[in-house]
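# What the coordinates show
What follows is the residue order along each chain.
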Amino acid sequence: MVSQGGFLTGFAAIAGGGDGTVNEVLQGVVHTGTALGVIPLGTANVFAREVGIPLDPLRAAELLTRAEVRRLDVGLTSTGRYFLLWSGIGFDAEVTKQAELRFKRQLGILAYIAAAVRTFFWFEGTRAQVALDGRKFRRRVLLMVVANTRLYALFPLSAQTRPDDGLFDVVLFGGRGFLTKLRHVLGFFAGKHLQLPKVLRFTARTVSVFSSRPLPVQVDGELIGTTPMSFYIQPAALRILLPPTAPYGYPDGRLNLGARASAAHDPSPP
Ligand SMILES: [Mg+2]
């Protein structure tokens, strides 16, 4: 049995665990020369699935010996916390809070499912002011996801999301009421949520959320606080060990971030 945690080798910090463990190790390696390696030992292992790290820990460890060092963007919150996958404001953070209150360790994924079902019925979000690179608007926020990577839980949030374009992908699930929430959930599981009228998608480098009633905030599945909060993209701030087949990552070494960031807006591949 391998215990969860991180350890340091010469040039890499290896996170053996789930996405929460990866997030903890991330805090120490962003903006340093130390590369992050991941051996998935968690429940969902969203990051490993996203980049094609084998879910079998022994195969993942073997792969680390011939991995490529690349760079990825990370997110930074105004509370000083880095994240690799996404931050969620509203519904998913409330579910995280309720699941932690209700015996997450003993019940595991069941605690989340039970909390999600209960929270679905009463949670109505709140009106908030959102600023995207300074562009401000007001909307009711049931859930807003500030995403660095494509998979949200185990489903794609948006096909365009990349952790190497210098931009957050922001998806806002708005509106209120039982039918609206039901449409959001069914649309999400069908992969058609971006076509719904109360769902908006944006890209931005800086995102801020203010609300008179605080909304809970999670990063990489860990509850970290409440709104108001801001989120800043940190382009190429993480050195990471990835499978040679991984579809993402700036090559390590000479970087041309400006070209890559503008290529993100170009419909033709770079
Ligand atoms: Mg991005």
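Residues numbered from 1 in each chain as written. Predicted model: local features only at pLDDT ≥ 70, side-chain atom pairs only at ≥ 80, totals over all residues. Heavy atoms only, no water.

## A short note on the overall build of the protein chain
The secondary structure content of the protein chain amounts to 8 helices and 18 strands. Counting all 270 residues of the protein chain, 51% fall into the buried class. Taking all contacts inside the protein chain whose residues are at least 6 apart in sequence as the whole, residues at least 24 apart take part in 67%. Element-wise, carbon and sulfur atoms account for 59% of the exposed surface of the protein chain, whose accessible area totals about 12800 Å². (Helix = DSSP H or I, 4+ residues; strand = E, 2+ residues; numbered from the N terminus. Buried < 20%, exposed > 50% of the residue type's maximum accessible area, 1.4 Å probe, protein only. Contact = heavy atoms within 4.5 Å. Areas by Shrake-Rupley, 256 points an atom, 1.4 Å probe, with all protein chains shown as cover.)

## Focus on the sheet that holds strand β9 (residues 143-147)
The strand order across the open sheet formed by 6 strands is β13-β12-β9-β6-β15-β16, and the pairing between neighbours is antiparallel. Each having just a single partner strand, β13 (199-204) and β16 (222-226) make up the two edges of the open sheet. Ignoring which end each strand starts from, the neighbouring axes of this sheet average 20° apart. Two elements, strand β15 (residues 216-219) and β16, share 4 bridges in a ladder whose sense is antiparallel. Bridge pairing in β16 links valine 217 to glycine 225. (Pairing = 2+ DSSP bridges. Axes fitted to C-alpha atoms, helices over the stretch in contact; angles between N-to-C directions.)

## Quick look at the confidence of the model for the protein chain
With 88% of its residues at a pLDDT of 70 or more, the protein chain has an overall mean of 89. Counted against residues more than four places away or in other chains, residues 254-270, with its pLDDT under 50, gives 18 contacts. (pLDDT = per-residue confidence, 0-100.)

## Looking at the coordination of the magnesium ion
Protein ligation of the magnesium ion involves Arg162 (O), Asp165 (OD) and Leu167 (O), the donor distances falling in the range 2.1 to 2.2 Å. Positions of the donor residues of the magnesium ion along the chain correspond to the pattern R-x2-D-x1-L. (Donors = N, O, S within 2.8 Å, 3.2 Å for Na, K, Ca; no water.)

## Thoughts on the environment of arginine 138
By the element assignment, arginine 138 lies in strand β8 (residues 135-141). Owing to a relative accessible area of 45%, arginine 138 belongs among the partly exposed residues under this scheme. Remark: the alpha-carbon pair of arginine 138 and arginine 127, spanning 11 residues in sequence, is separated by 6.9 Å. Residue contacts for arginine 138: discarding those within four places in its chain leaves Arg127, Ala128 and Gln129.

## Looking at the layout of surface pockets
Taken as a whole, the largest pocket spans an internal volume of roughly 1700 Å³. Forming the walls of the largest pocket are 46 residues, and the residues nearest its centre are Val95, Thr96, Ile109, Tyr112 and Ala153. Elements with a contribution of two residues or more to the lining of the largest pocket: α1 (19-29), α2 (46-51), α4 (91-101), α5 (104-107), α6 (109-122) and α7 (178-189). If one sorts the elements of the lining of the largest pocket by residue count, α6 sits on top with 7 residues. Looking at side-chain class alone, the lining of the largest pocket contains 24 nonpolar, 12 polar and 10 charged residues. (1 Å grid on protein atoms, 1.4 Å probe; cavity = no way out; pocket = protein on both sides within 12 Å on 5 of 7 lines; lining within 4 Å. Points joined across faces, edges and corners; volume = space filled by probe spheres on them. Nonpolar A, V, L, I, M, F, W, Y, C, P; charged D, E, K, R; others polar.)

## What about the packing of aromatic side chains?
With the rule as written, the count across this model stands at 13 aromatic pairs. Judged by centre distance (5.8 Å) and plane angle (75°), the ring pair of tyrosine 152 and phenylalanine 188 falls under edge-to-face. One end of the pair, tyrosine 152, is in strand β10 (residues 151-152); the other, phenylalanine 188, is in helix α7, and 36 residues separate them in sequence. Residue class for phenylalanine 188 comes out buried when judged on its relative accessible area of 12%. Within the aromatic cluster, the residues linked to one another by ring pairs are Trp86, Tyr152, Phe155, Phe188 and Phe189. Positioned above the aromatic ring of phenylalanine 120, the side-chain terminus of lysine 181 is 5.5 Å from the ring centre. (Phe/Tyr/Trp six-rings, centres within 6.5 Å; stacked < 30°, edge-to-face > 60°. Lys NZ or Arg CZ within 6 Å of the ring centre and 35° of its normal.)

## Overview of empty space enclosed by the protein
Remark: the empty space left among the atoms is shown by a probe the size of a water molecule rolled over them. Throughout the structure, instances matching the rule amount to 1 cavity of 30 Å³ or more. Of the voids in this model, the largest cavity is the one considered here, and its volume is about 30 Å³. Every residue along the wall of the largest cavity is listed here: Gly17, Gly18, Asp19, Val22, Val38, Pro40, Asn45, Phe47 and Ala48. Counting only elements with at least two residues in the lining of the largest cavity, the list comes to α1, β3 (35-40) and α2. Here the residues of the lining of the largest cavity are counted per class, giving 5 nonpolar, 3 polar and 1 charged.

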